[in-house]
Amino acid sequence: MEAVVECAKCECCGLVEDCTRDYILGVRAAFGGRWLCGLCSEAVRDEAARGTTARGPAAAAAGLEDALRDHMAFCGKCRRSPAFRVADGMRQMLRRCSK
Ligand SMILES: [Zn+2]
């Protein structure tokens, strides 16, 4: 049961994680070729789900792009604030995809 593990870097917060290739490809497929860490991808999915209500797959995809852009801007701001260190520590605790 040897999975191929690769290093992936979050395009939002810059977090680097070791993940299986299947996981990395799955995330990239969901976010238009970008790889996001677990917390960022959850945040973007939540945001997209809130923004698009049953307007079809095309609207959902556009909503995801918008949510992704918003979240990347948000992460950029967070990285410059002291609170980001706390959030980063939580991310390290929550990382779970290298199993
Ligand atoms: Zn991230």
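Up top you'll find the structure we're talking about.
Residues numbered from 1 in each chain as written. Predicted model: local features only at pLDDT ≥ 70, side-chain atom pairs only at ≥ 80, totals over all residues. Heavy atoms only, no water.

On to the overall build of the chain. Within the chain one finds 4 helices and 2 strands. Traced from its N-terminal end to its C-terminal end, the chain shows the element sequence β-β-α-α-α-α. In the chain, which comprises 99 residues, the proportion classed as buried is 31%. At a minimum sequence separation of 6, the contacts of the chain that also span at least 24 residues come to 49%. Roughly 6600 Å² of accessible area belongs to the chain as shown, and the carbon and sulfur atoms make up 56% of that amount. (Helix = DSSP H or I, 4+ residues; strand = E, 2+ residues; numbered from the N terminus. Buried < 20%, exposed > 50% of the residue type's maximum accessible area, 1.4 Å probe, protein only. Contact = heavy atoms within 4.5 Å. Areas by Shrake-Rupley, 256 points an atom, 1.4 Å probe, with all protein chains shown as cover.)

Taken together, the protein ligands of the zinc ion are Cys10 (SG), Cys13 (SG), Cys37 (SG) and Cys40 (SG), with distances of 2.3 to 2.4 Å. Around the zinc ion sit 4 donor atoms, and with donor-metal-donor angles ranging over 103 to 116 degrees the site reads as tetrahedral. When the donor residues of the zinc ion are listed from N- to C-terminus, their spacing reads C-x2-C-x23-C-x2-C. Of this pair, Cys13 sits in the loop between strand E1 (5-9) and strand E2 (16-20) while Cys40 sits in helix H2 (residues 38-51), and the two are 27 residues apart along the sequence. For the pair shown, Cys13 and Cys40 are each scored as buried. (Donors = N, O, S within 2.8 Å, 3.2 Å for Na, K, Ca; no water. Tetrahedral: all angles 85-135°; square planar, octahedral: opposite > 155°, others 65-115°.)

Looking at the secondary structure, you find Val44 in helix H2. Along the chain, Val44 and Arg69 lie 25 residues apart, while their C-alpha atoms are 8.9 Å from each other. Residue contacts for Val44: discarding those within four places in its chain leaves Phe31, Leu36, Leu64, Ala67, Leu68 and His71.

The final tally for this structure, using the stated rule, is 4 salt bridges. For the salt bridge of Glu65 with Arg34, the shortest nitrogen-to-oxygen distance reads 3.3 Å. Of the two residues, Glu65 is situated in helix H3 (residues 56-79) and Arg34 in the loop between helix H1 (21-30) and H2; the sequence distance between them amounts to 31 residues. For Glu65, a relative accessible area of 32% corresponds to the partly exposed category. Owing to a relative accessible area of 24%, Arg34 belongs among the partly exposed residues under this scheme. Here Glu47 makes a salt bridge to Arg50, at a shortest N to O gap of 2.7 Å. (Salt bridge = Lys/Arg side-chain N within 4 Å of Asp/Glu carboxyl O.)

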